Amino acid sequence: MKQALVIQEDIIILKILERLVKLNKFDCKAIRSLDDLTIEDQQQNFDVIITDILFEGIAPLEFVVQVQEVILHKNLIVVTNMGQDKIKKEIFALSGIAGFYAVPLDLDEIEAIIQTY
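Right, let's walk through the structure included here. (Residues numbered from 1 in each chain as written. Predicted model: local features only at pLDDT ≥ 70, side-chain atom pairs only at ≥ 80, totals over all residues. Heavy atoms only, no water.)

**Description of helix α1 (residues 11-23)**
Because an α-helix completes one turn every 3.6 residues, residues spaced three or four positions apart along the sequence face the same direction. With 13 residues, α1 extends 18 Å between its outermost C-alpha atoms, agreeing within 8% with the 18 Å of an ideal straight helix rising 1.5 Å per residue. Of the positions making up α1, those classed as buried are I13, L14, L17, E18, L20 and V21. Buried residues of α1, viewed axially, fall in a sector of 160°; they line one side. For α1, the exposed residues set more than 90 degrees away from the buried face come down to I12, R19 and L23. Among the structural elements, β1 (2-7), β2 (26-31), β3 (46-51), β4 (73-80) and α5 (107-115) are those in contact with the buried residues of α1. Measuring from the side-chain oxygen of the N-cap residue of α1 to the backbone nitrogen of I12 gives 3.0 Å; that N-cap residue is D10. One or two positions beyond α1, positive phi appears at K25, with a value near 65°. (Helix = DSSP H or I, 4+ residues; strand = E, 2+ residues; numbered from the N terminus. Expected span 1.5 Å × (residues − 1). Buried < 20%, exposed > 50% of the residue type's maximum accessible area, 1.4 Å probe, protein only. Arc of directions from axis to C-beta. Contact = heavy atoms within 4.5 Å. Polar contact = N/O pair within 3.5 Å; in protein donor to acceptor, adjacent residues only side chain to side chain.)

Structure follows, in structure tokens:
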């Protein structure tokens, strides 16, 4: 089964994204921060990670780099309340970014991306 990881502090968005990936036949681990990851999670090779970039104590770009280094994955989608063009350009300059979506979300676009996995 395909594996997805959703990291999102906003509980409503977390539950929406978790349901979206489950409806698309992914096994989903939904957590509110990287602190909630287990050793087993870090060894898991996720098909997709959907994450926010706004977490207390860490810059958005640093967070993305940390996720890319710590968690094995094939694709990374950013879903955030921070829709600034500068941040979006910096995130897309990194490799392995499949999408960047600011709230309010277009779930159809996100679903279209994950259906390709």
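Once the structure has been displayed, the description carries forward.
**With respect to the sheet that holds β4**
With respect to topology, five strands assemble into an open sheet ordered β2-β1-β3-β4-β5, the strand pairing being parallel. Each edge of the open sheet carries a strand with a single partner, namely β2 and β5 (97-102). Neighbour-to-neighbour, the strand axes of this sheet turn through a mean angle of 15°, independent of strand direction. The sheet contact formed by β1 and β2 spans six bridges and is parallel. In the strand pairing of β2, Q3 is matched with D27. Contacts from helix α3 (residues 60-70) reach β1, β3, β4 and β5, with the element oriented near 155° to β4. (Pairing = 2+ DSSP bridges. Axes fitted to C-alpha atoms, helices over the stretch in contact; angles between N-to-C directions.)

**Things to note about the side chain of D47**
Take D47: it is sitting in strand β3. Residue class for D47 comes out buried when judged on its relative accessible area of 13%. Only 2.7 Å separates the side chain of D47 from the backbone nitrogen of Q3, close enough to count as a polar contact. Only 3.1 Å separates the side chain of D47 from the side chain of K74, close enough to count as a polar contact. The residues contacting D47, other than those within four sequence positions of it, are K2, Q3, F26, K74 and N75.

**Here we look at the environment of D36**
By secondary structure assignment, the location of D36 is in the loop between β2 and α2 (39-43). When the C-alpha positions of D36 and I7 are compared, they lie 9.3 Å apart, and in sequence the two are 29 residues distant. Residues within four places of D36 in sequence aside, it is in contact with K29, I31 and D41. A distance of 3.3 Å separates a polar side-chain atom of D36 from the backbone nitrogen of R32.

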